[in-house]
Amino acid sequence: QVQLVESGGGLVQAGDSLTLSCAASGLTFSNYCMGWFRQAPGKKREFVAAIAWGAGNTYYADSVKGRFTISRDNAKNTVYLQLNSLKPEDTAVYYCAADTTFTRVTNPASYDFWGQGTQVTVSS
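Residues numbered from 1 in each chain as written. Predicted model: local features only at pLDDT ≥ 70, side-chain atom pairs only at ≥ 80, totals over all residues. Heavy atoms only, no water.

Asker: Could you give me a rundown of the packing of aromatic side chains, with the residues and numbers involved?
Answerer: Scanning all chains against the criterion turns up seven aromatic pairs. With a centroid separation of 5.0 Å and 55° between ring planes, the pair formed by phenylalanine 37 and tryptophan 114 is classed as tilted. With phenylalanine 37 in strand E4 (residues 33–39) and tryptophan 114 in strand E10 (residues 113–114), this pair connects stretches of sequence that are 77 residues apart. Accessibility expressed as a relative area gives 0% for phenylalanine 37, which makes it buried. Exposure remark for tryptophan 114: the relative accessible area of 26% places this residue in the partly exposed category. Members of the aromatic cluster, each reached through a chain of ring pairs, are Phe37, Phe47, Tyr59, Tyr95, Tyr111 and Trp114. A cation over an aromatic ring shows up here: arginine 45 above the ring of tyrosine 95, its NZ or CZ 3.8 Å from the ring centre. It is arginine 45 that lies over the ring of tryptophan 114; its NZ or CZ is 4.8 Å from the centre. (Phe/Tyr/Trp six-rings, centres within 6.5 Å; stacked < 30°, edge-to-face > 60°. Helix = DSSP H or I, 4+ residues; strand = E, 2+ residues; numbered from the N terminus. Buried < 20%, exposed > 50% of the residue type's maximum accessible area, 1.4 Å probe, protein only. Lys NZ or Arg CZ within 6 Å of the ring centre and 35° of its normal.)

Asker: Would you mind going over the sheet that holds strand E1 (residues 3–7) in detail, with residue names and values included?
Answerer: Taken in spatial order, the four strands line up as E1-E3-E8-E7 in an open sheet, and their pairing is antiparallel. The sheet is open, and its two borders are formed by E1 and strand E7 (68–73), each paired with just one other strand. Taking each pair of neighbouring strands and ignoring which way they run, the sheet shows an average axis angle of 15°. In terms of strand pairing, strand E3 (residues 18–25) meets strand E8 (residues 78–83) through six bridges, oriented antiparallel. From the neighbouring strand, serine 21 faces E8, where its bridge partner is tyrosine 80. (Pairing = 2+ DSSP bridges. Axes fitted to C-alpha atoms, helices over the stretch in contact; angles between N-to-C directions.)

Printed below as a string of structure tokens:
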């Protein structure tokens, strides 16, 4: 049974930083590209960042480029999202997801497995 478990969310102030983690089990982690998405209340789930199997390739949404960093540790079956210079508009539930390809990384429908999400709230 595949499980993706996010952690690290919380309530922070604008300008602060957070590190989200997503621990994977039940799959061969190194065979999957990993993505982070977020969903704010009343809005569609939106792409944040993705990383390929060996971490050689990464891709970011324009809204987070230069502020967020995605990384992975295949030995620990974990993907991370470092969030810096947080803004109130970054407030959302953040989800990690696993995909065997790195072709349509911005499309939620491309991903095979999803975590339950972790809440990030940024106050102004």
